[in-house]
Amino acid sequence: GGLSMMTVSDDTGEGPYDQIVEIAEADKLEIGRALTKYLALHEALAADDLAGAKAASEALRLAAEAIVPTKPPEFRDAWMPIQRQLLGHTKHLAGVATLDEARVPFREISQQIATILRVFGNPGEETVRLAFCPMALDGQGAEWVQRASEIQNPYFGSSMHSCGDIHESVEHGTFLPLKGGKP
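Residues numbered from 1 in each chain as written. Predicted model: local features only at pLDDT ≥ 70, side-chain atom pairs only at ≥ 80, totals over all residues. Heavy atoms only, no water.

A. Looking closely at the packing of helix α2 (residues 25-46) against helix α5 (residues 99-119). As a packed pair, α2 and α5 sit with axes 11 Å apart at the nearest point and diverge in direction by 150°. The interaxial crossing formed by α2 with α5 has left-handed handedness. Where α2 abuts α5, its residues I31, L35, Y38, L41, H42 and L45 lie against L99, A102, R103, F106, I109, S110, I113, I116 and L117. Here the contact of α2 with α5 is composed, by residue class, of twelve nonpolar, two polar and one charged. (Axes fitted to C-alpha atoms, helices over the stretch in contact; angles between N-to-C directions. Helix = DSSP H or I, 4+ residues; strand = E, 2+ residues; numbered from the N terminus. Left-handed = near helix turned anticlockwise from the far one by under 90°. Contact = heavy atoms within 4.5 Å. Nonpolar A, V, L, I, M, F, W, Y, C, P; charged D, E, K, R; others polar.)

B. Looking closely at α2. Taking 1.5 Å of rise per residue, the 22 residues of α2 would be expected to cover 32 Å, and the 31 Å separating its terminal C-alpha atoms lies within 8% of that figure. Along α2, the positions that sit buried rather than exposed are D27, I31, G32, A34, L35, Y38, L39, L41, H42, A44, L45 and A46. For α2, the elements touching its buried residues are α3 (50-65), α4 (73-94), α5, β1 (128-133) and β2 (142-146). At the C-terminal side of α2, D48 shows a positive phi close to 60°. (Expected span 1.5 Å × (residues − 1). Buried < 20%, exposed > 50% of the residue type's maximum accessible area, 1.4 Å probe, protein only.)

C. Region of the structure containing the sheet that holds strand β3 (residues 165-170). Pairing is antiparallel across the open sheet formed by three strands, whose spatial order is β2-β1-β3. Among the strands making up the open sheet, the edge pair consists of β2 and β3. Strand-to-strand twist of the sheet, defined as the mean angle between neighbouring strand axes without regard to direction, takes the value 25°. Seen against the sheet, α2 touches β1 and β2 and runs at an angle of roughly 115° to β2. Together, β1 and β2 form the strand contacts of α5, whose direction differs from that of β2 by roughly 60°. (Pairing = 2+ DSSP bridges.)

D. Spatial organisation of the packing of aromatic side chains. Overall, the coordinates contain five aromatic pairs when judged by the stated rule. Centroid distance W144 to Y155: 5.8 Å. Interplanar angle 65°. Geometry classified as edge-to-face. With a gap of eleven residues between them, W144 in strand β2 and Y155 in the loop between β2 and β3 connect regions that are remote in the sequence. Judged by its relative accessible area of 0%, W144 falls in the buried class. The exposure class assigned to Y155 is buried, which follows from its relative accessible area of 5%. (Phe/Tyr/Trp six-rings, centres within 6.5 Å; stacked < 30°, edge-to-face > 60°.)

E. Up close: the environment of P123. Residue position: P123 is located in the loop between α5 and β1. For the pair P123 and E171, spaced 48 residues apart in sequence, the C-alpha separation works out to 8.8 Å. Contacts of P123, omitting those with residues within four sequence positions, involve K28, I31, G32, L35 and H172.

What follows is the structure, encoded as structure tokens:
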């Protein structure tokens, strides 16, 4: 059989929440711990604190490494590529010598955190926000996730602390929608 007359076009295309994976509360707590470590990393970079950023990056790496999904298989399948990226980029950030060098892997780490919010939702108790600065990384532009409702730019720190815009707010238990139907 073909499509039902009741099927509308958005039922057959990938929608903004098609990648959601439901996980156990214990797994949400583990992901919440990793998110908290990431938020500390963001705050250290926004404050131009290289030592704090390196320490937070290592804490995030350890939190991500501790997440070992067993079931459902969708959790494992969704988590493993995210974990691989987080482990590589946090290790890279922990070994840098300057703030500018730290901000490059931070963009990649932030992309993985945004993916976590899209796939697993916000497991933390507080609302987090997806922000974007079009001038970051020599005009390439970059996203990040932060707690504050006012911009705290981790790519420019004190030199341009409020450069950027909040694009989305993700409350506890809600999901970051996909951009234009794609992750």
